[in-house]
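# Descriptive structure summary
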Amino acid sequence: MRSGLRLPDDYFDDFQQRLDKRMDEDKRSSQNNELNVTSGYKVPTDYFDKLHIDIDEKSSFNTKKQWLAMAAILVVMLSVGILTQPFSSETGNMKISDIEEKQLEQYIKYQYMNEEVLKSYAKEQDMQFELNKALRTIDKKEILTYFDDQLNDLYAYED
Amino acid sequence: MGKKAPQIEEDERLLVKRLQSESDKRSAFDQLVDRYKEPLYWHIRHMVKHHEDADDVLQNTFIKVFRYIDKFKGDSKLYSWMYRIATNESNTFLTKKAKQLKLSSQELQNHLTENLKSDPYFEGGAIEQQLHKAVDDLPEKQQLVFRMRYFQDLKFKEISEILEVSVTSLKTNYHHAQKKVKKQLGVD
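In this text the structure is predicted, and so the values were computed from the model without any measurement.

### A word on the overall build of chain B
Assigned secondary structure in chain B consists of nine helices and zero strands. In chain B, the share of contacts with a sequence separation of at least 24, taken over all contacts with a separation of at least 6, comes to 59%. Only carbon and sulfur atoms are counted for the fraction: they give 50% of the accessible area of chain B, which is about 9300 Å².

### Quick notes on the side chain of Lys-49 of chain B
Note that Lys-49 of chain B resides in the loop between α2 (25-48) and α3 (51-68). In terms of polar contacts, Lys-49 of chain B uses its side chain to reach the side chain of Thr-113 of chain B, at 3.4 Å. Aside from chain neighbours lying at most four places away, what touches Lys-49 of chain B is Leu-5 of chain A together with Ile-44, Gln-109, Leu-112, Thr-113, Leu-116, Asp-119, Asp-136 and Arg-147 of chain B.

### Re the confidence of the model for chain A
Residue and element names in this part refer to chain A. Within chain A, residue pLDDT values average 62, and 18% of them lie at 70 or more. Here residues 86-93 is a poorly scored stretch, pLDDT under 50, and it has 21 contacts once near neighbours within four places are set aside; other chains count. Here residues 151-156 scores under 50 on pLDDT; set against residues more than four positions off or in separate chains, the count is 16 contacts.

### Regarding the pattern of salt bridges
The tally for this structure, following the rule as stated, stands at 18 salt bridges over all chains. Of the charged contacts in the structure, one is a salt bridge between Asp-55 of chain B and Arg-18 of chain A, with a shortest N-O distance of 2.9 Å. With Asp-55 of chain B in helix α3 and Arg-18 of chain A in helix α1 (residues 15-32), this residue pair bridges two chains. Residue Asp-55 of chain B is classed as buried on the basis of its relative accessible area of 14%. Classification of Arg-18 of chain A as partly exposed rests on a relative accessible area of 26%. Here Lys-37 of chain B makes a salt bridge to Asp-34 of chain B, at a shortest N to O gap of 3.3 Å. One end of the pair is Lys-37 of chain B and the other is Asp-34 of chain B, both in helix α2 and three residues apart, which spans about a single turn. Overall, Lys-37 of chain B belongs to the buried group, its relative accessible area being 12%. Sharing partners across several salt bridges, the network here consists of Asp-14 and Arg-18 of chain A together with Asp-55 of chain B.

### Observations concerning the nonpolar core
Among the nonpolar cores identified, the biggest contains 58 residues, and Leu-32, Leu-58, Phe-62, Leu-78 and Phe-146 of chain B are the most heavily contacted of them. Aside from chain neighbours lying at most four places away, what touches Phe-146 of chain B is Leu-131, Val-135, Leu-138, Phe-151, Tyr-174, Ala-177, Gln-178 and Val-181 of chain B.

### Comments concerning helix α9 (residues 167-185) of chain B
All names here are of chain B. In a regular helix each residue adds 1.5 Å, so 19 residues correspond to 27 Å; α9 covers 26 Å between its end C-alpha atoms and thus fits that length. Listed in full, the buried residues belonging to α9 are Leu-170, Asn-173, Tyr-174, Ala-177, Val-181 and Leu-185. Taken around the axis of α9, the buried residues stretch over an arc of 100°, which confines them to a single face. Across α9 from its buried face, at more than 90 degrees, point the exposed residues Thr-168, Lys-179 and Lys-183. Of the surrounding elements, those touching the buried residues of α9 are α6 (126-136), α7 (140-151) and α8 (156-163). Backbone geometry just after α9 places Gly-186 at a positive phi near 70°.

### So, unusual backbone geometry
All names here are of chain B. Positive phi values are uncommon outside glycine, yet Lys-49 reaches one of about 75°. With a phi angle near 55°, Glu-164 is a residue other than glycine that sits in the positive phi range. Inspection of the secondary structure puts Glu-164 in the loop between α8 and α9. Exposure remark for Glu-164: the relative accessible area of 43% places this residue in the partly exposed category.

### Thoughts on the layout of surface pockets
By volume, the second largest pocket amounts to about 270 Å³. In terms of lining residues, the second largest pocket is bounded by ten residues, among which Met-23, Asp-26 and Lys-27 of chain A together with Phe-66 and Arg-67 of chain B are the most central. Every element with two or more residues in the lining of the second largest pocket is listed here: α1 of chain A together with α2 and α3 of chain B. The element best represented in the lining of the second largest pocket is α1 of chain A, accounting for five residues. Counted by class, the lining of the second largest pocket contains three nonpolar, one polar and six charged residues.

Each value, and the rule that gives it
Residues numbered from 1 in each chain as written. Chains lettered and ligands numbered in written order. Predicted model: local features only at pLDDT ≥ 70, side-chain atom pairs only at ≥ 80, totals over all residues. Heavy atoms only, no water. Helix = DSSP H or I, 4+ residues; strand = E, 2+ residues; numbered from the N terminus. Contact = heavy atoms within 4.5 Å. Areas by Shrake-Rupley, 256 points an atom, 1.4 Å probe, with all protein chains shown as cover. Polar contact = N/O pair within 3.5 Å; in protein donor to acceptor, adjacent residues only side chain to side chain. pLDDT = per-residue confidence, 0-100. Salt bridge = Lys/Arg side-chain N within 4 Å of Asp/Glu carboxyl O. Buried < 20%, exposed > 50% of the residue type's maximum accessible area, 1.4 Å probe, protein only. Core = buried A, V, L, I, M, F, W, Y, C linked by side-chain atoms within 4.5 Å. Expected span 1.5 Å × (residues − 1). Arc of directions from axis to C-beta. 1 Å grid on protein atoms, 1.4 Å probe; cavity = no way out; pocket = protein on both sides within 12 Å on 5 of 7 lines; lining within 4 Å. Points joined across faces, edges and corners; volume = space filled by probe spheres on them. Nonpolar A, V, L, I, M, F, W, Y, C, P; charged D, E, K, R; others polar.

Written as structure tokens, this is what we have:
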């Protein structure tokens, strides 16, 4: 017994042409979305000459913050048992062991690594406090739903 | 597909190189489409069930392949990477469709299988429809493995490369799936 599904006659004969047409339409539509109008904004004199100094300072601060935040989240997740208990979702019967570190990092970045949020914490303690507060109410199902939705996305475009 | 001879692997490496070059990208892409359109179509078709939807998802898959080919580093086989994109695109399509119809994913599967009766590109009878229904009732991972193995005739080794799951785990999944399907069909 097989699936019973069949192909329309000659389906693949013109597939390439139809695909080319669709790709051209896609390209045209993305080009149409680009407006060739300047914004009219100006920047202060010497702004870009000084910019690299600011970026260097800020990026080292933010990187440190991101790692601290990620470490804090992992610690709290472990302490509340999120990462140690197997759990299943309605669709995938997914276990925490199915989730790789890379994906977990992705989730944490997606959920918490908003630059604006990070900037709003003046001190490490404030950030830690906020993260702990957020993680006390974390929903395991929410994590699983996220991974069920994102699992393929995370893998699909990277090999 | 199957165990690739060194020559085929070399061909694939060259094809990827051409796909990632600006000058030769389009002609290499045509070659890629020609080579993989049929296996990818059937992979998608068994997930979304209806031909028009499969056609749409297949085109989306190739568009994504074209768009993201520069992200392909060669750490996995090209066809594994494309299968993953096809699986992802099919899942995205099914999620959207379920939302549109306000159905759960399980209800959507039942709905699609039920509609096969009136699909001009379904030539199976009641027993084939029952088989699809039995597969719909499997857990998601088992559905995928069962469809790839039973309907698409892929080898466990190939499925393992595509899904990045061990052959042992696949065999276990398939064994459970087969048992459940047989039970549902009353051929236990």
